[in-house]
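The lines below spell out each chain.
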Amino acid sequence: MAHRSLLPLLSLTAALAAATAAILPAAAGRPVLAKGTGGAAPSVEWNYSPDSPNGPSHWGDLHPSFKTCSRGHRQSPIDIPSWKFGQAKGNSTMSSVLAIPPSLTLVPHAGRINMAMNCATFGRCGSLRWQDRTYFFTNLHFHQTSEHRRGGATLAMEAHLVMSTHEKVTKGGGSKGNGGVHAHEEPRLAVVGVFLELGQANAVLDEVLDGLEAGADVPITDLWDNLLVPDSGYCAWQGSLTTPPCTEGVEWLMQTQPVRASRRQLERFATDIHEGVDGVNRPVQPRNDREVQCYRKH
């Protein structure tokens, strides 16, 4: 399927690492990849358990770099009002803003994140054009149940396609700029979210699960047909990372039309990838004065 041509500010370069690689050591009760290995600073244990002293309500106290988790005013996830889905600010669909090739390769991340698969070669997995910026698809991961809500309701899962304006600057100072972006400039992030509801098996989710369990590269085909819906509308707002350090300035776009995942896939995600952890999601955060703008095909 030949759809579309390939095409705020984060305070720390480490924030990009947290989003695209979540390079933090595992804590008790925190999901890890089956074949996960070491991480990088800050070496702080955190988890999703509401009863844990390292759980979401305490993230902001665990490390100075995590303070935005408790003090920020534009935190994610949020509850998207159901009436918003019936409104349209403009005529636009997922295929209007996303350029994803018919095939791409993802590699399992060796660190410890929620079911992470990274783009094998930066800039080769597709892009998002939003607010006069181009973001490149760098990472795919899932949450169970959904982190965002639709009119107060949660769905079975939520996929996050993390996008970055350019790769982070390497520790040795090497340039990883892209598309005319200077290497010293900090990357900006955007996340495309997709709701998954219970139903038939999802081919892309099967490919990702197989790759994570085997620790092998995954050739992904027909991302549009299985995870992304070309004619679906979307809702957009400004938010944050949903894991520490909860950095704000992240552009969020949520596909309004959900796709499906089977009960067996949910079980594999929970038991094989996340070792029986009950829930891999951050609770919803106050929307405050943020405006959620929705778009759809007219």
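Predicted, not measured: the structure shown is a model, and the values here were computed from it.

### Some points on the pattern of salt bridges
Phase 1: The final tally for this structure, using the stated rule, is five salt bridges.
Phase 2: With its nearest N and O atoms 3.9 Å apart, the salt bridge here joins Arg-260 to Glu-197. Residue Arg-260 is found in strand β13 (residues 248-261), and its partner Glu-197 is found in strand β10 (residues 189-198); the two are separated by 63 residues along the sequence.
Phase 3: The exposure class of Arg-260 is partly exposed, given its relative accessible area of 43%.
Phase 4: Across the salt bridge formed by Arg-268 and Asp-206, the nearest N and O atoms sit 3.3 Å from each other. Residue Arg-268 is found in helix α7 (residues 263-273), and its partner Asp-206 is found in helix α5 (residues 203-214); the two are separated by 62 residues along the sequence.

### Side note on α5
Phase 1: For α5, with twelve residues, the first-to-last C-alpha span of 17 Å sits near the 16 Å given by 1.5 Å per residue.
Phase 2: Among the residues making up α5, those that are buried are Val-204, Leu-205, Val-208, Leu-209, Gly-211 and Leu-212. All buried residues of α5 fall inside an arc of 165° around its axis, so they share one side.
Phase 3: Among the residues trailing α5, Gly-215 stands out with phi positive, at a value near 65°.

### Digging into the confidence of the model for the protein
Phase 1: The predicted model of the protein has a mean per-residue pLDDT of 82, with 78% of residues at 70 or higher.
Phase 2: Long-range and interchain partners of residues 1-18, a stretch whose pLDDT sits below 50, account for 67 contacts in this model, where long-range means more than four residues apart.
Phase 3: Every residue in residues 172-181 scores below 50 in pLDDT, and together they form 16 contacts with partners more than four places removed in sequence or on other chains.

Criteria and thresholds
Residue indices follow the written sequence of each chain, beginning from 1 at its first position. Local features in a predicted model are, by the rule used here, given only for residues with pLDDT of at least 70; side-chain atom pairs are given and counted only at 80 or more, and totals for whole chains, interfaces and linings are based on all residues. Calculation of side-chain values draws on the structure's entire complement of heavy atoms; hydrogens and water are dropped beforehand. Within this document, salt bridges are pairs made up of a side-chain nitrogen of Lys or Arg and a carboxyl oxygen of Asp or Glu, the two lying within 4 Å of each other. Helix numbering and strand numbering both begin at the N terminus, where a helix is a DSSP run of H or I of at least 4 residues and a strand a DSSP run of E of at least 2. Partly exposed residues are those whose accessible area sits between 20% and 50% of the maximum for their type, while under 20% is buried and over 50% is exposed, using a 1.4 Å probe and protein chains only. The span one expects for a helix is its residue count, reduced by one, times 1.5 Å. The reported arc concerns the directions from the helix axis to the C-beta atoms and nothing else. For every residue, the predictor assigns a confidence score, pLDDT, that lies between 0 and 100. We call two residues in contact when some of their heavy atoms are within 4.5 Å.

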